[in-house]
Structure formats: C-alpha cells, structure tokens
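Take a look at the letters that make up each chain.
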Amino acid sequence: MAAEICGGSLFLSVKTQLQQRNQQNVFFHAQRSRTRRSTTRFHSSKCCFSSSAFPNASPFRRGAVCRVASTDFESSAKAGEDRLSKVPVRNIRNFCIIAHIDHGKSTLADKLLQVTGTVQQREMKDQFLDNMDLERERGITIKLQAARMRYVFENEPYCLNLIDTPGHVDFSYEVSRSLAACEGALLVVDASQGVEAQTLANVYLALENNLEIIPVLNKIDLPGAEPDRVIKEIEEIVGLDCSNAILCSAKEGIGIIEILNAIVARIPPPEDTSKRPLRALIFDSYYDPYRGVIVYFRVVDGTIKKGDRVYFMASGKDYFADEIGVLSPSQLQVEELYAGEVGYLSASIRTVADARVGDTITHYGRKADNSLPGYEEATPMVFCGLFPVDADQFPDLRDALEKLQLNDAALKFEPETSSAMGFGFRCGFLGLLHMEIVQERLEREYNLSLITTAPSVVYRVHCVNGDTVECSNPSLLPEPGKRKSIEEPFVKIEMLTPKDYIGPLMELAQERRGQFKEMKFIAENRASITYELPLAEMVGDFFDQLKSRSKGYASMEYTFVGYIESNLIKLDIRINGDCVEPLATIVHNDKAYSVGRALTLKLKELIPRQMFKVPIQACIGSKVIASEAISAIRKDVLAKCYGGDISRKKKLLKKQAEGKKRMKSIGKVDVPQEAFMAVLKLEKEVI
C-alpha cells in the first residue's frame, strides 16, 4: 500500500485520535529538521508512516485514516505537470462525488486537487470548481466541472478523472449523464447530520448506473460527529456495506490519501475498446463567445484525434474537431483521446442545441451502429412570465435571454403580452431552483429589473374533438364546452424527518392534496414519509413550509411521476365587469373558493377608490364565487342646500346618481403595478 499506517486496533474516540495526530505532527517536523534521512515522507503520490516514527499511532475504528501532515509541493507540482502523459486504459479511473447540499463535496474536491498537485497552492481558493459567484454564495453546484488528476500508487502512475455533479433535483438529468460517464462514485455523508434526502436520490441514480460506491464520512473533526451512528444509518437505509468506509475531514486534510488509494484499488477501470468505432457521451456543454460551443465528453469506444470530422447522432450535425484536450481543471490541448478518457472538444459549433447533454459523438466517415442509451430532450416543468419593470428594457431582456440560452439549452422562452405589465416573455424552467438562478443571473449579469409572475406548471387538456393541448398559461385554456378533461403533473415526494415532526409534515402534505403512500422508520428517531402530490402545489412555498414546520431538520427529494386527471377549473378575476387576464389562475375545484376569496380581499385593499362603486369578483365561467366592492368616493352635492324644499335635494341626488351610472359604464379602472406584484406574491402563498 502507498499509504501505510502502523498496526494496532485501539478503539479511541475521534477527538482523542486527532489530539494524538497533532502531537505526532510536531514530532514529525522536529525529526525532519534534525536529519535529511527521515523515515517519514509525504509526496503527492504516496504517504508513508513508519512504525518507528509513530509508536503510538492507531487507525480509526473503520478504515485507516491519515492526516496530510506536511506537503512537499515541489514533488506534487512535478506529478501534476505529468498529468498529460498517457497511461494504459487499466490505469484510468473515472469517478464522481455525490452528496447532499452542504455535506462537504466541494471542499473534498478542492483537497483532492491540491494533494495530487493538480492545482498549485498559490492558485488554490475555496470551492475551486465552482466558477460562478452565485454558486459560492449559495454553497451549491449549478454548473458541473471536470478535472484530470495524476496519482502514483505503488510506484505506478494512474489517471483519475473527477466529474463534478450538481446536487439539486432540478438538474437530475445532467447528474444521470455524469454518472453514466463514470465507473465509481464517492458517497460523501456528513458525520454529524447523517443521510439526507438528496443523498438517497443520488445513490439510487448511481446504483442504476452500476457504479462502485465508496462510502466516505466527512467532517469527523466536528464536536457533534457520530461516525458509528451514521455508518449504521448508511447500512440500514442504503444497504451499503460500510465495514471499509473511510473517515475523513476534507477541511483538516484527514483521510485524503486513503480516499485516493480507495479510488485506485476499488473503482474498476474502463473497458479497452479503442479499436471499435468512435462513441463518446456528452455530459456537459457551454458557450464560449470566441470559440463557440465547448463540449465535455467521455470517450466510451474508439479514438478521437484533432482535425477529425465528427457527427452528433441526436442532432444530425457534423463538424471538424478544431481542438481537443483534457480538463485539469483548466483546458489543456492534446492530439488524441482514446476509450476511457475524459476531455473537451471545440469545433466552432454555433448553438448548444446542436450538442445537447446526453448526445453521442461518432466519426462522420465511420459512424457507430447505435448511439449510447439515455438521451432525452430537456423538458421544462415550471413556467412563469418575466416582464421588465421599465418597458424600455424589453430589447435588453430579449438579448439577455438569448445569451443565457446559449449556455443553457433547457431554458425555453417565447414572447408574451400582458394588459397589466406590457411586453415580456413566458419562460420554461426545469424547476424552481432553475427559475431562481435564471432570474438572479438576468438581474446581476445583465443589470435588469424584472417582475416575475407566479410559477405555473404545464397542464394537459383533452378536448371534445380528440385533440390534446398542452397549456402553461391560464389564458390559453380552451373554453369549458370544448374541453373533456384536464390532467396535471404529479410528483413523488420523499421527506426525511426526525420523528417529532412527522405530524406537521403529514398535515402539510394533506393540505396540498397529497396522496399518502408509505411511512417507514429508517433509524430509531428518523422517518421517511412518501407522498404523491401535484407539482402545482409544490411550486409555491412548499419547501419553506417544510423547513419551518420541522425547524429546519427535514429534507425532501421529488421525482416526476406522470400526468393524472384532476378536477381543475379556471378562476377568472373581474374588476368592474372586465376580465383581468394576468390574474387568471388554474386551481383545483375544492380550493377555488378560498383562493378567490383571498384574491378579492387583497385587490380591495390595493386598488384605489374611484368616483363610482367598483365590484371585484372571482368567477368560474359566469358563476361568481367570491365578491368584494370598493365603495365610491362620495361628493356631498347637498352641501349648498342650506334650506328649502326636499324636492330640491332629491333632484340633486338623482342627477348625481345618473352621472355615476354613466361614469361606471364608460369608466376604466387602472390596476396599479403594486397591486399586481402583491397579488402575485399572494398567489404563490395561497395556490
């Protein structure tokens, strides 16, 4: 073994062992200063601990762990410089890191890059692979990255390809393509928090792709870490054997060498299929303003060389490969890549749609018989309207959306006109997080001020004449006499929670029209609750409610199930008899009254009073289900009548009534922008 820790199996606490290792580090530096013939050396490629140097050293209970005590950066840098040199296919390891948000995935990736000499100390920064400011602020990975590392194990060089993955459910398709490009995965679990919902979802994706999974317990240096409890959780919930799980602290550098050794020893190499026709899987792509679309891919079969004419099997486009190379993590050019390797391709491709995630690259002259499995078109699940606050910014918004679409093929948009908010765009997103990210990027990177309408989902309407219409906007819904039934998208949601909050979370799911499926205790004090509920009920404040009702302890994960027929109706809002289209919504029949009541009450507060009475009505077709009225501003026409006959007063009042009637028939009520904003916010809470 490259990293050897002396024998002994004392079962000490993590805290005690950390103290011992700190003492050993002091001893290590003292020994090294005395003599050049130190028995303890650290290199980027191997770590050796002699039993004579550390007589009291003992491993952790499960899996040996070593601390990166001192780094010889010269040897690390030398190993890093050699990462472009070719190695046999049997020495290639392709792996990814899967974890729940904030379990230390990015920190572990940083430490692997640093220890292997891939990134020099002077260039290192936290969350190195997360390039966007938004990723650093939120602590999440939005756009995946790849990095090629060189590691020497038992005096033999290995090529390690790390394919970073986004962790959120909105990007599950990209995650599945990244996993398809790997043979193994590091399952990182926080030693203090334990298994979370997204941990489970990503593990199941990895198991579907037949990956070798290496359990890693991170943050063992925290005072609240409970490695034994978390190991038991993983074994019971996921069903993985954790007898050789690795305990580490990415922040402190504990166990990093053990992780590298496990990657080499336990993850299988790719198959050597260099002689077959070229097949390469695209797992990511982005737009470069100078070189066009840059494609990240994994060569599954065959060989690709610079200058080859390549063919994209799903889009049917062909290009010449002007530049190919590897990601380490910056782009380094090479002449060729063969089966098992991961790299990038630049071929002056104009749009990301020509090289979508999941597509297969092959040679134009020698095409493969069939493409790699799993390709799908990205389907938007959530829609909303984006309108500029200043109408003059409409051309800027269109340009910004076109530029964003170059980097994000899943973003869909089309022009939309609203009587209340003017010109804007109806945009489709993969999910709520995707929507928030796009909106924030538009405001930050392109300096736009935007109004976002309440998010809605795509409904499937079956008409009487046999046609099926997909409707994402209530204004496009066919008339009641023309439609036969309406289907809405359903999701399967799994909530992991401490047992104290089971009741409030079940109540929340029932309120959102959830259908109970199962509940099971995954540990002594933690339960998993599974429901099926409409996606429309989730795109509001469901996640916020989940966190508030569980005091932040619960986590959730959802997957799309399909379309199910529901009793849905269109709820119109009429102001002074005129239907206000931007306020129309599609709601379930059981919730129509409560939603209509809330909307009319809110509008009564926000619309300014007129010289005539203004009725506000929530209607289903021609039937009014909720109504409020804004009373008129009354002018006292009797003020000048200080005396005289009552008939004089009646005449003035009659004249005033006729004037108000005429004013109401030709008058128009302007709904202010603030009212629309407040009602949209209310819709997100109520619907």
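Residues numbered from 1 in each chain as written. Predicted model: local features only at pLDDT ≥ 70, side-chain atom pairs only at ≥ 80, totals over all residues. Heavy atoms only, no water.

S.K.: Account for the sheet that holds strand 11 (residues 292-301), naming residues and giving values.
M.R.: Ordered by their spatial adjacency, eight strands build an open sheet running 14-13-19-10-11-18-15-16, and the pairing between neighbours is antiparallel. Looking at strand neighbours, the two that pair on one side only are strand 14 (317-320) and strand 16 (331-334), the edges of this open sheet. Strand-to-strand, the axes of this sheet are offset by a mean angle of 40°, without reference to chain direction. (Pairing = 2+ DSSP bridges. Helix = DSSP H or I, 4+ residues; strand = E, 2+ residues; numbered from the N terminus. Axes fitted to C-alpha atoms, helices over the stretch in contact; angles between N-to-C directions.)

S.K.: Please provide a residue-by-residue account of the sheet that holds strand 4 (residues 92-99), values included.
M.R.: Strands sit in the order 5-6-4-7-8-9 across an open sheet of six strands; the sheet is mixed. The open sheet has two free edges, formed respectively by strand 5 (146-153) and strand 9 (246-247), since each of these has just one partner strand. Looking at chain direction, strand 7 (residues 184-190) and strand 8 (residues 212-218) are connected through seven bridges and run parallel. Bridging from a neighbouring strand, Leu187 pairs with Pro215 of strand 8.

S.K.: I'd love a proper account of a nonpolar patch on the surface, names of residues and values included.
M.R.: Judged by side-chain polarity, Phe516, Met519 and Phe521 come together as a nonpolar surface patch covering roughly 290 Å² of accessible area. As for its placement among the helices and strands, Phe521 is situated in strand 28 (residues 515-523). (Patch = residues over 30% accessible without salt bridge, like charges linked within 9 Å, V, L, I, M, F, W, Y side chains within 5 Å. Areas by Shrake-Rupley, 256 points an atom, 1.4 Å probe, with all protein chains shown as cover. Salt bridge = Lys/Arg side-chain N within 4 Å of Asp/Glu carboxyl O.)

S.K.: Account for a positive patch on the surface, with residues named and values stated.
M.R.: Taken together, Lys640, Arg648, Lys651 and Lys655 make up a surface patch of like positive charges. Along the chain, Lys640 turns up in the loop between strand 35 (623-630) and helix 15 (646-666). Using a relative accessible area of 59% as the deciding quantity, one classes Lys640 as exposed. (Lys, Arg positive; Asp, Glu negative; His and termini not counted. Charge placed at Lys NZ, Arg CZ, Asp CG, Glu CD. Buried < 20%, exposed > 50% of the residue type's maximum accessible area, 1.4 Å probe, protein only.)

S.K.: I'd love a proper account of unusual backbone geometry, names of residues and values included.
M.R.: Residues other than glycine seldom take positive phi values, yet Asn210 does so here, at roughly 55°. You can see Asn210 is positioned in the loop between helix 6 (197-208) and strand 8.

S.K.: Residues and numbers for the environment of Leu222, please.
M.R.: Structurally, Leu222 is set in the loop between strand 8 and helix 7 (227-237). The class of Leu222 is partly exposed, set by a relative accessible area of 37%. Sequence separation between Leu222 and Ser192 is 30 residues, and the spatial gap between their C-alpha atoms is 7.4 Å.

S.K.: How would you explain the pattern of salt bridges if you had to name every residue and give the values?
M.R.: Pairing of side chains with opposite charge becomes possible as their charged atoms draw close. The tally for this structure, following the rule as stated, stands at 21 salt bridges. Where Glu537 meets Lys591, a salt bridge forms, and the shortest distance between an N and an O atom there is 3.1 Å. Of the two residues, Glu537 sits in helix 12 (residues 535-538) while Lys591 sits in the loop between strand 33 (585-588) and helix 14 (592-606), which places them 54 residues apart along the sequence. Accessibility expressed as a relative area gives 4% for Glu537, which makes it buried. Here Lys591 falls in the buried class, since its relative accessible area comes to 18%. Two residues, Glu628 and Lys604, come together in a salt bridge whose shortest N-O distance is 3.6 Å. Taken together, the residues span a long stretch of sequence, with Glu628 in strand 35 and Lys604 in helix 14 at a distance of 24 residues. Judged by its relative accessible area of 12%, Glu628 is buried. Taking the relative accessible area as the measure of exposure, Lys604 reaches 37% and is therefore partly exposed.

S.K.: Provide a residue-level description of the nonpolar core, including the pertinent values.
M.R.: The biggest cluster of nonpolar side chains holds 46 residues, and the ones touching the most others in it are Leu442, Ile493, Met495, Met538, Phe542 and Met556. The leading source of residues in this core is helix 9 (residues 394-407), at five residues. Taken domain by domain, this core gets at least three of its residues from each of domain 3 (380-452) and domain 4 (458-565). Residues in contact with Leu442, not counting those within four places in the same chain, are Leu386, Leu397, Ala400, Leu401, Leu404, Asn447, Leu448 and Leu450. (Core = buried A, V, L, I, M, F, W, Y, C linked by side-chain atoms within 4.5 Å. Domains from an automatic or database assignment. Contact = heavy atoms within 4.5 Å.)

S.K.: Mind laying out the side chain of Asp572, listing which residues take part and the relevant values?
M.R.: Here Asp572 is to be found in strand 31 (residues 568-575). A relative accessible area of 10% places Asp572 in the buried class.

S.K.: An account of the packing of aromatic side chains is needed here, citing residue identities and associated values.
M.R.: Using the criterion set out here, one finds ten aromatic pairs in the structure. Between Phe516 and Tyr531, the aromatic rings sit 5.4 Å apart at their centres with planes inclined by 70°, giving edge-to-face as the arrangement. Placement of Phe516 in strand 28 and of Tyr531 in strand 29 (residues 526-534) is noted, with a sequence separation of 15 residues between them. Between Lys367 and the ring centre of Tyr311, over which it is positioned, the NZ or CZ distance is 4.1 Å. Between the NZ or CZ atom of Arg460 and the centre of the ring of Tyr563, over which it lies, the distance is 3.9 Å. (Phe/Tyr/Trp six-rings, centres within 6.5 Å; stacked < 30°, edge-to-face > 60°. Lys NZ or Arg CZ within 6 Å of the ring centre and 35° of its normal.)

S.K.: How would you explain the side chain of Asp288 if you had to name every residue and give the values?
M.R.: Examined against the element boundaries, Asp288 turns out to sit in strand 10 (residues 279-288). One buried charged residue, Asp288, remains without a salt bridge, the closest side chain of opposite sign being Arg291 at 4.1 Å.

S.K.: For the confidence of the model for the chain, give the residues involved together with the corresponding values.
M.R.: For the chain, per-residue confidence averages 76 on the pLDDT scale, and residues scoring 70 or more make up 78% of the total. When the criterion is pLDDT under 50, residues 23-77 qualifies, and its contacts beyond four places in sequence or with other chains add up to 122 contacts. (pLDDT = per-residue confidence, 0-100.)

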